[in-house]
Amino acid sequence: MMADREIDNRQLHELTGLHLGTISKLRNKKPARLDTQTLDSLCKALNCEPGDLLRFIPDDEGT
């Protein structure tokens, strides 16, 4: 989504107020949790819906 909008980590930081480390972790790792405030900030900054940012990947346990 960031690539589609031509936004880098620093620009997203400026738009959302999220820490650069947080943005990097969200881009590069599967986060253990994502709070609604962060998701709201990302959706507003990127002008998108949560489903545009999230994808369900079942864990190895099959639950």
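This text goes with the structure placed above it.
Residues numbered from 1 in each chain as written. Predicted model: local features only at pLDDT ≥ 70, side-chain atom pairs only at ≥ 80, totals over all residues. Heavy atoms only, no water.

Novice: Go over the environment of Leu39, please, and point to the residues and values.
Specialist: Mapped onto the secondary structure, Leu39 falls in helix H4 (residues 36-46). The residues touching Leu39, leaving out its near neighbours within four places in the chain, are Leu34, Pro50, Leu53 and Leu54. (Helix = DSSP H or I, 4+ residues; strand = E, 2+ residues; numbered from the N terminus. Contact = heavy atoms within 4.5 Å.)

Novice: Describe in detail the nonpolar core, supporting the description with residues and values.
Specialist: Residues Met2, Ile7, Leu12, Leu18, Ile23, Leu39, Leu42, Cys43, Leu46 and Cys48 constitute the largest nonpolar core, which totals 10 residues. At 4 residues, the largest contribution of residues to this core is made by H4. (Core = buried A, V, L, I, M, F, W, Y, C linked by side-chain atoms within 4.5 Å. Buried < 20%, exposed > 50% of the residue type's maximum accessible area, 1.4 Å probe, protein only.)

Novice: Hey, could you go over H4 for me, with residue numbers and the actual values?
Specialist: Along H4, the positions that sit buried rather than exposed are Thr38, Leu39, Ser41, Leu42, Cys43 and Leu46. The secondary structure elements touched by the buried residues of H4 are helix H1 (2-5), helix H2 (9-16), helix H3 (20-28) and helix H5 (50-53). Where H4 begins, the capping side chain belongs to Asp35, and its oxygen is found 3.2 Å from the backbone nitrogen of Gln37. Looking at the residues trailing H4, positive phi occurs at Asn47, about 50°. (Polar contact = N/O pair within 3.5 Å; in protein donor to acceptor, adjacent residues only side chain to side chain.)

The values are spatial; any link to function lies outside them.
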